[in-house]
Amino acid sequence: MQKQEFTITVYTENQIGLLNRIAIIFSRRKINIESLNTSPSEIESVHRFTIVINETEEVVRKLCRQIEKQVEVLKAYFNTNDELVWQELALYKVPTEIIADKVKVERLLREYGARAVAIRRDYTVFETSGHLEEIEGLIRALEPYGLIEFVRSARVAIIKDSKGFHEKLKEFESVEPGTNVIENEYLGKQDEVFTM
Amino acid sequence: MSTIELAAEKAKSVIQQVENISGGEAVMKALLCEKVNTIFGYPGGAIMPIYDALYDYQERLHHILVRHEQGAVHAAQGFARTSGKTGVVFATSGPGATNLVTGLADAMIDSTPVVCITGQVFAHLLGTDAFQETDVVNITTPVTKWNYQVTDASEIPAILAKAFYIARTGRPGPVLIDITKNAQLQKFDFTGYTPCTHIRSYRPKPYVRRKYIEQAAALINEAKKPFIIFGQGIILGKAEKEFREFIEKSGIPAAWTILGMSAIPTDHPLAVGMLGMHGNYGPNVLTNDCDVLIAVGMRFDDRVTGRLDKYAKQAKVIHLDIDPSEIDKNVKAMIPVWGDCKETLPLLTELVQKKTHPEWLQRFRDFQREEEKQCIEPEMKPSTDVLSMGEVIHQINELTKGEAIIVSDVGQHQMVACRYAQFKHSNSNITSGGLGTMGFALPAAIGAKFGAPARTVIAIIGDGGFQMTIQELGTIMQSKVNVKIVILNNEFLGMVRQWQELFHDRRYSFVDITSPDFVAVAKGYYIEGRSVSKRDELRNALSGMLDHQGPYLLEVKVGKENNVFPMVPQGCSVAEIRLK
Ligand SMILES: Cc1ncc(C[n+]2csc(CCOP(=O)(O)OP(=O)(O)O)c2C)c(N)n1
């Protein structure tokens with residue numbers, strides 16, 4: 001199986017120390033976290049982690065089970081990029097005089113949909129949001145013009161076919177056993193299982 | 001009475017129930033509500049308010065003062081594993097807490113329910129490098145099922161309720177609660193203790209899917225050469241009876257992992273022995289010959305599977321486990337039966353046909369005969385005057401008739417003990433399986449005795465491992481713990497020596513270990529003892545030990561360079577198991 005980019009979405013209780021518990025699941029296996037975002041979710045008291053890693057599907061599936069095993073984790077999903085709508089945000093600090101002087105820079109910024117968020121006499125801070133490639137494209141384009149500082153955020157992602165977490169949460173709030181089922185590829189493949 | 005009066009009455013009774021107590025006392029009340037009666041611990045500065053509260057509760061909460069905090073966790077593990085209850089540990093902050101780490105790691109990997117309560121510096125000192133401050137919660141995160149730091153006394157009842165619930169439910173494990181000193185001292189309104197029965201984000205048991213049970217049963221009913229391998233899940237799930245009914249109806253041969261051992265009597269007609277690196281010949285070889293492999297409450301440790309890409313490739317695997325993350329982790333399951341085996345096994349038993357597999361079972365017996373000839377006979381009846389470890393275990397079997405609890409340490413003697421010991425009852429084979437912690441047995445035996453006071457507890461320990469937690473002799477002395485200690489002394493770190501002999505051209509690098517006069521050491525602790533090296537003394541020495549009222553240490557000098565066989569060499573498949 002090939003490694004590819006997966007986005008893991010984890011719904012959790014908001015508890016001190018949980019970030020560490022989740023992070024060590026990756027570090028223990030020497031897996032690099034490409035990006036990690038923590039945020040509130042649409043439900044009060046439920047937190048959401050968005051984690052991007054480069055791994056095979058098999059590894060990601062096992063990681064999600066390890067994550068779900070943590071007491072404060074409600075649910076972990078993993079998705080490939082085509083199953084997601086996602087964005088990353090970037091800030092670029094550029095000398096103001098260059099923008100004023102060079103028409104080219106201004107055109108570049110417009111082309112990348114950059115928005116000025118702070119304008120000072122000596123520098124201007126622009127913001128773009130989008131996919132990694134676009135953000136990196138603008139950095140490369142700005143570099144020759146004296147880019148002073150750059151920072152990119154972690155990925156935030158929405159799962160396209162997710163109906164939100166409200167329904168799932170109700171299930172978690174009801175008493176054991178939950179009806180949360182774990183799928184297996186052989187379920188329903190009677191023939192494969194029973195040919196001895 | 002009017003409703004208003006009723007409400008007032010109710011309010012009054014609530015007020016009457018409220019007590020203003022310290023956090024330390026709340027810990028005692030919580031433990032009593034959890035029906036705890038034994039604590040293994042060691043005091044220190046940051047846990048003094050809890051020990052102060054304990055002073056008034058010592059009649060009901062029996063505290064065993066260990067000699068090292070590692071010993072406290074191992075004792076709590078021994079207690080948990082013989083009693084089926086949760087072990088409880090107290091330790092102070094800093095060095096007290098860091099001394100727990102090995103024990104926690106052991107309890108984590110062997111799924112033992114333990115609740116550790118550690119003292120911590122005052123909350124306002126957290127992060128200041130205060131005296132005896134260590135970041136215990138972060139140090140223990142990878143080796144606990146759950147941990148939490150309490151900084152306010154009012155949290156104590158609910159957090160301890162959660163701790164006990166998490167430790168014992170689902171796949172059990174160790175939980176650590178770190179309580180800052182101010183919270184232990186702080187007075188608060190204690191309104192009673194409510195045991196925890198549900199945590200929103202925690203699913204102790206997965207949902208049982210009938211469809212998988214049906215598929216599993218159909219597969220079992222079709223199988224010609226089905227084979228059951230089982231682990232500690234049966235014991236932890238208290239599903240021994242359900243398991244027996246399952247194997248007896250389906251007539252399938254069953255082999256245990258080291259931690260599954262004793263879940264069924266070792267002489268059960270369908271028992272075919274132990275799996276793994278030093279397990280029995282038949283179950284290892286035939287793992288790679290069966291057509292359906294039914295794994296119950298076990299996790300396919302590498303010591304069980306040997307080389308994974310040559311493990312049971314021909315078999316269709318049915319895996320019953322309570323922990324969803326175990327399914328497909330090492331061995332891919334065709335049919336995953338998620339759930340508590342106490343619930344899933346009866347469902348499966350109902351659907352399987354009553355059968356016997358005499359020819360298939362005979363194949364296990366044939367391998368057994370071969371192993372008997374090549375490994376067991378020479379171990380039981382050595383051709384020299386030098387005693388073997390196997391003889392000692394054999395004599396213990398004859399004397400105890402499989403009724404004893406055997407606690408083994410780690411090394412050759414452990415493998416020999418687990419290969420040859422006979423058990424009639426569950427919860428009887430106590431050993432450090434997943435972590436292989438030398439020094440486990442002596443403290444674990446102490447706990448095992450408190451967990452099962454009516455039973456004989458025999459610790460089998462190597463000369464190396466004994467010296468790792470030798471100080472617990474002090475605990476045995478002080479608390480008058482009636483454990484029988486057998487040191488199998490080969491004057492080597494035997495298991496490592498065996499590997500050096502077999503795989504490192506006999507380059508014996510630092511495995512030659514000198515020991516003190518063990519009997520004299522025991523005597524220093526007022527523990528009776530004896531040392532034997534001759535065959536004609538052995539029986540008498542063992543029965544003397546068993547008949548002795550109180551703790552006893554017996555050193556048996558055994559062959560220095562004996563090896564444990566069979567053996568699946570590392571990196572080989574289970575079918576490549578060597579008899580010599
Ligand atoms: C704490 C710890 N340190 C080191 C080891 C590695 N180790 C495994 S078995 C063994 C030798 C044990 O020697 P001994 O206790 O004399 O038992 P024997 O093998 O001779 O029966 C060692 C050093 C271990 N398992 N645990």
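Note that the structure is a prediction, hence the values are computed from the model and not measured. (Residues numbered from 1 in each chain as written. Chains lettered and ligands numbered in written order. Predicted model: local features only at pLDDT ≥ 70, side-chain atom pairs only at ≥ 80, totals over all residues. Heavy atoms only, no water.)

### Observations regarding the overall build of chain B
Then step 1. Of the regular secondary structure elements, chain B holds 24 helices and 20 strands.
Then step 2. The principal-axis extent of the C-alpha atoms belonging to chain B is close to 80 × 65 × 45 Å.
Then step 3. Within the span of chain B, comprising 580 residues, buried residues form 60% of the whole.
Then step 4. Pairs at least 24 apart in sequence give 77% of the contacts found in chain B among residues at least 6 apart.
Then step 5. Carbon together with sulfur atoms contributes 52% to the accessible area of chain B, which is approximately 22200 Å² in total. (Helix = DSSP H or I, 4+ residues; strand = E, 2+ residues; numbered from the N terminus. Buried < 20%, exposed > 50% of the residue type's maximum accessible area, 1.4 Å probe, protein only. Contact = heavy atoms within 4.5 Å. Areas by Shrake-Rupley, 256 points an atom, 1.4 Å probe, with all protein chains shown as cover.)

### Here's the deal with the pairing of strand β4 (residues 73–80) of chain A
Residue and element names in this part refer to chain A.
Then step 1. In terms of residue burial, β4 counts as a mostly covered element, since six of its eight residues are buried.
Then step 2. In terms of strand pairing, strand β1 (residues 4–13) meets β4 through seven bridges, oriented antiparallel. What sits directly across from Y11, in β4, is K75. (Pairing = 2+ DSSP bridges.)

### Here's the deal with the packing of helix α4 (residues 69–83) of chain B against helix α6 (residues 101–109) of chain B
Residue and element names in this part refer to chain B.
Then step 1. Viewed as axis vectors pointing N to C, α4 and α6 meet at an angle of 25°, and their least axial separation amounts to 7 Å. Classified by the angle their axes make, α4 and α6 are roughly parallel. Contacts from Q70, V73, H74 and Q77 of α4 reach α6 at T102, G103, L104, D106 and A107.
Then step 2. Taken together, the residues that form the contact of α4 with α6 break down as three nonpolar, five polar and one charged. (Axes fitted to C-alpha atoms, helices over the stretch in contact; angles between N-to-C directions. Parallel < 35°, antiparallel > 145°, perpendicular 65-115°, else oblique. Nonpolar A, V, L, I, M, F, W, Y, C, P; charged D, E, K, R; others polar.)

### A word on the domain arrangement of chain B
Residue and element names in this part refer to chain B.
Then step 1. Per the domain assignment, the segments of chain B are domain 1 (18–190), domain 2 (210–363) and domain 3 (387–561).
Then step 2. Across the boundary between the two partners, domain 2 contributes 16 residues, which contact 19 residues of domain 3.
Then step 3. Counting each side, the surface lost to burial between domain 2 and domain 3 is near 1400 Å², with a carbon and sulfur contribution of 58%.
Then step 4. Taken as a group, I258, S262 and H278 account for 39% of the area that domain 2 buries against domain 3, more than any other trio of residues on that side. (Domains from an automatic or database assignment. Buried area = accessible area lost by both parts, 1.4 Å probe.)

### Examining the packing of aromatic side chains
Then step 1. Taken as a whole, this structure holds 21 aromatic pairs over all chains when the rule is applied.
Then step 2. On the numbers, 6.3 Å between centres and 25° between planes, the contact of F165(A) with F172(A) is stacked. The same class applies to F165(A) and to F172(A), which are both buried.
Then step 3. Following the ring pairs from residue to residue traces out a cluster consisting of Y11(A), Y77(A), F165(A) and F172(A).
Then step 4. Against the face of F492(B) rests R497(B), its NZ or CZ located 5.7 Å from the ring centre. (Phe/Tyr/Trp six-rings, centres within 6.5 Å; stacked < 30°, edge-to-face > 60°. Lys NZ or Arg CZ within 6 Å of the ring centre and 35° of its normal.)

### A look at the packing of helix α10 (residues 210–222) of chain B against helix α15 (residues 341–351) of chain B
When two helices pack together, their arrangement is given by the angle between the helix axes and the distance between those axes.
All names here are of chain B.
Then step 1. With their axes 9 Å apart at the nearest point, α10 and α15 run at an angle of 50° to one another. In terms of orientation, α10 and α15 fall into the oblique class. Here α10 and α15 pass one another in a crossing that is right-handed. Contacts between α10 and α15 involve R210, I213, E214, A216, A217, I220 and N221 from the former and T344, L347, L348 and L351 from the latter. (Left-handed = near helix turned anticlockwise from the far one by under 90°.)

### Details of the interface of chain B and chain A
One frequently used descriptor of interface size is the decrease in accessible area upon assembly of the parts.
Then step 1. Residue-level contacts link 45 residues of chain B with 41 residues of chain A.
Then step 2. Summing both partners gives a buried area of about 3800 Å² for chain B against chain A, and 52% of it is carried by carbon and sulfur.
Then step 3. The largest contributions to the chain B side of the interface with chain A come from R200(B), S201(B) and R203(B), which together make up 21% of the buried area.
Then step 4. The tally of links from chain B across to chain A stands at three salt bridges.
Then step 5. Close ionic contact of D323(B) with K69(A) constitutes a salt bridge, the shortest N to O distance being 2.8 Å.
Then step 6. Inspection of the chain B/chain A interface yields 17 residue pairs in polar contact (both at pLDDT 80 or more).
Then step 7. Where the side of chain B that touches chain A is concerned, the elements lending two or more residues are β6 (146–150), α8 (156–168), α10 and β14 (335–338) of chain B. (Salt bridge = Lys/Arg side-chain N within 4 Å of Asp/Glu carboxyl O. Polar contact = N/O pair within 3.5 Å; in protein donor to acceptor, adjacent residues only side chain to side chain.)

### Some words on the pairing of strand β4 (residues 87–91) of chain B
Residue and element names in this part refer to chain B.
Then step 1. Counted residue by residue, β4 has five buried out of five residues, so it is predominantly covered.
Then step 2. Judged by which residues are buried, β4 turns out to be covered on both faces: G87, V89 and A91 on one side and V88 and F90 on the other are all buried.
Then step 3. In this structure, strand β2 (residues 38–41) lies alongside β4, joined through two bridges in parallel fashion. Counted as the bridge partner of G41 is F90 from β4.

### Points about the site of the ligand
Residue and element names in this part refer to chain B.
Then step 1. Near the ligand, the surroundings consist of 18 residues, among which Q412, H413, G436, G465 and G494 are the closest.
Then step 2. Residue D463 places a side-chain N or O atom 3.0 Å away from an oxygen atom belonging to the ligand.
Then step 3. At 3.1 Å from an oxygen atom of the ligand is found a main-chain nitrogen or oxygen belonging to F492.
Then step 4. Expressed as a share of its isolated accessible area of 590 Å², the protein-covered part of the ligand is 77%.
Then step 5. Elements that contribute at least two residues to the shell around the ligand include exactly α18 (412–420), α20 (463–466) and α22 (494–503).
Then step 6. Residue classes in the shell around the ligand are distributed as eight nonpolar, nine polar and one charged. (Near = heavy atom within 4 Å.)

### Considering a nonpolar patch on the surface
Then step 1. Nonpolar side chains collect at one region of the surface, where L89(A), L91(A), V117(A) and V151(A) lie side by side and expose about 290 Å² of accessible area between them.
Then step 2. By secondary structure assignment, the location of L89(A) is in strand β5 (residues 84–95). (Patch = residues over 30% accessible without salt bridge, like charges linked within 9 Å, V, L, I, M, F, W, Y side chains within 5 Å.)

### Side note on α10(B)
Then step 1. The end-to-end C-alpha distance of α10(B) is 19 Å, a good match for the 18 Å that 13 residues give at a rise of 1.5 Å each.
Then step 2. Residues of α10(B) that are buried: Y212(B), I213(B), Q215(B), A216(B), A217(B), L219(B), I220(B) and N221(B). (Expected span 1.5 Å × (residues − 1).)

### Re the environment of T38(B)
All names here are of chain B.
Then step 1. Looking at the secondary structure, you find T38 in strand β2.
Then step 2. On the basis of relative accessible area, T38 is assigned to the buried category, the value being 6%.
Then step 3. Separated by 133 residues in sequence, T38 and R171 have C-alpha atoms that sit 23 Å apart.
Then step 4. Apart from the residues within four sequence positions on either side, T38 is in contact with H62, I64, F79, V88 and F450.
Then step 5. Engagement of the side chain of T38 in a polar contact is seen with the side chain of N37, the distance being 2.8 Å.

### Topic: the sheet that holds strand β7 (residues 174–180) of chain B
All names here are of chain B.
Then step 1. Spatial ordering of the open sheet is given by β3-β2-β4-β5-β7-β6, a layout of six strands whose pairing is parallel. The sheet is open, and its two edges are formed by β3 (62–65) and β6, each paired on a single side. Strand-to-strand, the axes of this sheet are offset by a mean angle of 20°, without reference to chain direction.
Then step 2. Sheet topology note: the β2/β3 ladder contains four bridges and is parallel. Bridging across to β3, T38 finds its partner in H62.

### Concerning unusual backbone geometry
All names here are of chain B.
Then step 1. In the segment running from F565 into P566, the intervening peptide bond is cis, with an omega of 0°.
Then step 2. Here the phi dihedral of K35 falls at roughly 60°; this positive angle occurs in a residue that is not glycine.
Then step 3. The exposed category is assigned to K35, whose relative accessible area is 68%.

### Thoughts on the pattern of salt bridges
Once the charged atoms of two side chains with opposite charge are near each other, the side chains can pair.
All names here are of chain B.
Then step 1. Per the counting criterion, the structure on display carries 41 salt bridges over all chains.
Then step 2. A salt bridge links R307 to D309, with the nearest nitrogen and oxygen atoms 2.7 Å apart.
Then step 3. We classify R307 as partly exposed; its relative accessible area is 35%.
Then step 4. Here D309 falls in the partly exposed class, since its relative accessible area comes to 46%.
Then step 5. Salt-bridge contacts for E370 lead to K373; the nearest nitrogen and oxygen are separated by 4.0 Å.

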